[in-house]
Amino acid sequence: MIELVSPVGYPRFEEQAQRRFLDTPIGRRLGFIWNQYQTTRNFWPRLERAVEELCQPPVVQRAYKSNTWTPLDQTRFGELSAAVDYLVIGVGA
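Please read these numbers as outputs of a predicted model, since none were measured by experiment.

1. A closer look at the pattern of salt bridges
- According to the stated counting rule, one finds four salt bridges in the structure shown.
- Salt-bridge contacts for arginine 62 lead to glutamate 52; the nearest nitrogen and oxygen are separated by 2.3 Å. Of this pair, arginine 62 sits in strand E2 (residues 60–64) while glutamate 52 sits in helix H1 (residues 43–55); the two residues are 10 residues apart in sequence, bridging distant segments of the chain.
- In this structure arginine 62 comes out as partly exposed when scored by relative accessible area, which is 34%.
- By sharing partners, the salt bridges in this structure join Arg28, Arg29 and Asp85 into a single network.

Given below as structure tokens:
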């Protein structure tokens, strides 16, 4: 059986939170979201260390996804973003 599917898509619009602006990232609460994509496994831990050394955050929160293709759970994202002042987000996280 062959099923024809229309290539015309209908975009899904998601509400976005109001952006908050930082004067400086130094000394602010920091969060990381990373999808653990295979080619970034050497890079990402080094990036985290470098950002932490440079910014000296009092609090660091991390969310490491178990897959590369789905977004972070919306509830977990909300909890994480409420607990930090800014996020560093990895490839496609």
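On we go.
2. Here we look at the side chain of aspartate 85
- Summarising the element assignment, aspartate 85 is placed in the loop between helix H2 (74–83) and strand E3 (86–89).
- Within the structure, the side chain of aspartate 85 is placed 2.8 Å from the backbone nitrogen of arginine 29, a separation counted as a polar contact.
- Non-local contacts of aspartate 85, meaning those with residues more than four positions away in its chain, are made with Arg20, Leu22, Arg28 and Arg29.

3. Regarding the nonpolar core
- Judged by nonpolar contacts, Leu30, Phe32, Trp34, Trp44, Val51, Cys55, Tyr86 and Val88 together constitute the single largest core of eight residues.
- For this core, the secondary-structure elements that each account for two or more residues are strand E1 (30–34), H1 and E3.
- Residue contacts for valine 88: discarding those within four places in its chain leaves Leu30, Gly31, Phe32, Ile33, Trp44 and Leu47.

4. Re H1
- For H1, built from 13 residues, the straight-helix expectation of 18 Å at 1.5 Å per residue is met to within 8% by its first-to-last C-alpha distance of 18 Å.
- For H1, the complete set of buried residues consists of Trp44, Glu48, Val51 and Cys55. Across the axial projection of H1, the buried residues extend over an arc of 70 degrees, all falling on one side. Away from its buried face, by an angle of more than 90 degrees, H1 presents the exposed residues Arg46, Glu53 and Leu54.
- Where H1 is buried, its residues contact E1, E2 and E3.

5. Remarks on the packing of aromatic side chains
- Inspection of every chain in the model, using the stated rule, returns three aromatic pairs.
- For the pair phenylalanine 32 and tryptophan 44, a centre-to-centre distance of 6.0 Å together with 85 degrees between the ring planes defines the contact as edge-to-face. Taken together, the positions of phenylalanine 32 in strand E1 and tryptophan 44 in helix H1 put the pair 12 residues apart, joining distant regions of the chain. Judged on exposure class, the residue phenylalanine 32 and its partner tryptophan 44 are both buried.
- Centre to centre, the rings of tryptophan 34 and tyrosine 64 are 5.4 Å apart; their planes meet at 90 degrees, and the pair counts as edge-to-face.

What counts and how
- Residues numbered from 1 in each chain as written.
- Predicted model: local features only at pLDDT ≥ 70, side-chain atom pairs only at ≥ 80, totals over all residues.
- Heavy atoms only, no water.
- Salt bridge = Lys/Arg side-chain N within 4 Å of Asp/Glu carboxyl O.
- Helix = DSSP H or I, 4+ residues; strand = E, 2+ residues; numbered from the N terminus.
- Buried < 20%, exposed > 50% of the residue type's maximum accessible area, 1.4 Å probe, protein only.
- Polar contact = N/O pair within 3.5 Å; in protein donor to acceptor, adjacent residues only side chain to side chain.
- Contact = heavy atoms within 4.5 Å.
- Core = buried A, V, L, I, M, F, W, Y, C linked by side-chain atoms within 4.5 Å.
- Expected span 1.5 Å × (residues − 1).
- Arc of directions from axis to C-beta.
- Phe/Tyr/Trp six-rings, centres within 6.5 Å; stacked < 30°, edge-to-face > 60°.

Just distances and angles here, no functional claims.
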